[in-house]
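Residue-level structure breakdown
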Amino acid sequence: MAKTNEPTIIKKYANRRLYNTGTSTYVTLEDLAVMVKGEEDFVVYDAKSGEDITRSVLTQIIFEQEGKGQNLLPVTFLRQLIRFYGDSMQGLVPSFLEYSMTSLTKEQEKLRSQMSEAFGATAFEAIEDQVKRNTEMFERAMKMFMPFPAAGGDPAATANPASQAKPAKSGGNDLDDMKRQLEDMQKKINQLSEKS
C-alpha cells in the first residue's frame, strides 16, 4: 500500500478487536507497535462513539511491552510522572517530555554512529557517557520544574531567586506572572539543551 500523508484509521470495536481500515484487516496491539516502530502514523477511533482513543491504545502498547520484560520506564520516573497528575505543573509536562524525547532521538543517531565507528570497550564508554549526559540533563530539568526543594534538596536551588515561586499578585497580573514564569522556564530548557 502506498504511503500517504494521512494517518491510517484504526477502529476499535466493543469486542476489543482492532480493524485497520487501510489494509481492511484486523490487527493486534503488537501489529500497532510494529507500525509505530516503522513510523507509520495512525489514529484509533472507538467504532461506536467515534471518539479518538489513540492515547489510551498507545498506553496499552507501552503496558504490554513493559509486561513482556522490556522495561524501558524506570520505577522512579513512573512515580514522578504520577505525581504530576493533578499538579499545577501538569500542563507543562507533556511539552517537556516531548522536547526531551526529541532531544534523545537526535542524540540516539549520534550514539549509533559512534558505536559503528568504535570497537569493544570504546562502544561501552560511548553508551555510558550518553546515558550519563541524558540523566544529568533530565535531573537538571526536573529540579527546574520543582518550585520548592524537597527535604534535603539542593541548597543552591533555594539560593537562586529565579527558581523560587513568586507570590501571585491579585487581579489581572496573575496571567502575566504565569506567562513570564513560562518564558523563564522555556529559556532554561533551551539553555539545558545547548549545554548537552
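Residues numbered from 1 in each chain as written. Predicted model: local features only at pLDDT ≥ 70, side-chain atom pairs only at ≥ 80, totals over all residues. Heavy atoms only, no water.

**Focus on the overall build of the chain**
Each helix and strand in the chain was counted, giving 7 helices and 4 strands. For the chain, buried positions account for 21% of its 196 residues. The contacts in the chain between residues at least 6 apart in sequence include a share of 47% that link residues at least 24 apart. About 14,700 Å² of surface is accessible on the chain, with carbon and sulfur atoms providing 57% of the total. (Helix = DSSP H or I, 4+ residues; strand = E, 2+ residues; numbered from the N terminus. Buried < 20%, exposed > 50% of the residue type's maximum accessible area, 1.4 Å probe, protein only. Contact = heavy atoms within 4.5 Å. Areas by Shrake-Rupley, 256 points an atom, 1.4 Å probe, with all protein chains shown as cover.)

**Points about the pairing of strand β1 (residues 8–12)**
Along β1, the buried face is formed by Thr8, Ile10 and Lys12; none of Ile9 and Lys11, which line the opposite face, is buried. In the sheet, β1 pairs with strand β4 (residues 42–46) via 5 bridges, with the strands oriented parallel. Residue pairing in the sheet places Lys12 in a bridge with Asp46 of β4. Relative to strand β2 (residues 18–20), β1 is paired through 3 bridges, and the arrangement is antiparallel. Following the sheet pairing, Ile10 is matched in β2 by Asn20. Following β1, the chain reverses through 5 residues before pairing antiparallel with β2; Arg16 in that reversal takes a positive phi of roughly 70°. (Pairing = 2+ DSSP bridges.)

**Let's talk about the UniProt feature "domain: PHB accumulation regulatory" (unreviewed entry) in the chain**
Here, UniProt's "domain: PHB accumulation regulatory" (unreviewed entry) annotation points to residues 73–112. The distance separating the terminal C-alpha atoms of residues 73–112 is 21 Å; by composition the span is 75% helix and 0% strand. (UniProt positions renumbered as here; feature names shortened; annotations may be inferred.)

**Focus: the sheet that holds β2**
The strands that make up a sheet pair up through hydrogen bonds in the backbone, lying either parallel or antiparallel. Taken in spatial order, the 4 strands line up as β3-β2-β1-β4 in an open sheet, and their pairing is mixed. One side of each edge strand has no neighbouring strand; the edge strands of this open sheet are β3 (25–27) and β4. Strand after strand, the sheet turns through a mean of 35° between neighbouring axes, direction not considered. Packed on one face of the sheet, helix α2 (residues 54–67) meets β1 and β4 and runs near 110° to β4. (Axes fitted to C-alpha atoms, helices over the stretch in contact; angles between N-to-C directions.)

**Structural notes on the packing of aromatic side chains**
Across all of its chains, the model carries 1 aromatic pair by this definition. Its end group placed over the ring of Tyr26, Arg17 keeps NZ or CZ at 3.8 Å from the ring centre. (Phe/Tyr/Trp six-rings, centres within 6.5 Å; stacked < 30°, edge-to-face > 60°. Lys NZ or Arg CZ within 6 Å of the ring centre and 35° of its normal.)

**Things to note about the pattern of salt bridges**
If you walk through the whole model with that rule in mind, you get 1 salt bridge. Put simply, Glu30 and Lys68 hold a salt bridge, and the shortest N to O gap is 2.4 Å. In this pair, Glu30 is assigned in helix α1 (residues 29–37) and Lys68 in the loop between α2 and α3 (75–84), connecting sequence segments 38 residues apart. (Salt bridge = Lys/Arg side-chain N within 4 Å of Asp/Glu carboxyl O.)

**Looking at the nonpolar core**
Ile10, Leu18, Val27, Leu29, Leu32, Ala33, Met35, Phe42, Val44, Ile53, Val57 and Ile61 together form the largest nonpolar core, which totals 12 residues. Going through the elements one at a time, α1, β4 and α2 are the ones with two or more residues in this core. The leading source of residues in this core is α1, at 4 residues. Setting aside chain neighbours within four positions, we find Met35 in contact with Thr8, Asn20, Glu40 and Phe42. Membership of the second largest hydrophobic core comes to 5 residues, among which are Phe84, Leu92, Val93 and Met185. (Core = buried A, V, L, I, M, F, W, Y, C linked by side-chain atoms within 4.5 Å.)

**A look at the packing of α1 against α2**
At a closest axis distance of 10 Å, the pairing of α1 and α2 adopts a crossing angle of 100°. Considered as vectors, α1 and α2 are oriented roughly perpendicular to each other. Of α2, the residues touching α1 (which contributes Leu29, Glu30, Leu32, Ala33 and Val36) are Val57, Leu58, Gln60, Ile61, Glu64 and Gln65. (Parallel < 35°, antiparallel > 145°, perpendicular 65-115°, else oblique.)

**Some points on the confidence of the model for the chain**
The predicted model of the chain averages 77 in pLDDT, with 73% of residues at 70 or higher. Low pLDDT (under 50) marks residues 151–171, which in the prediction has 18 contacts with non-local residues, meaning those over four places away or in another chain. (pLDDT = per-residue confidence, 0-100.)

**Describing unusual backbone geometry**
Although it is not a glycine, Arg16 adopts a positive phi angle of roughly 70°. Of note, Arg16 is situated in the loop between β1 and β2. Although it is not a glycine, Ser24 sits at a positive phi angle of roughly 55°.

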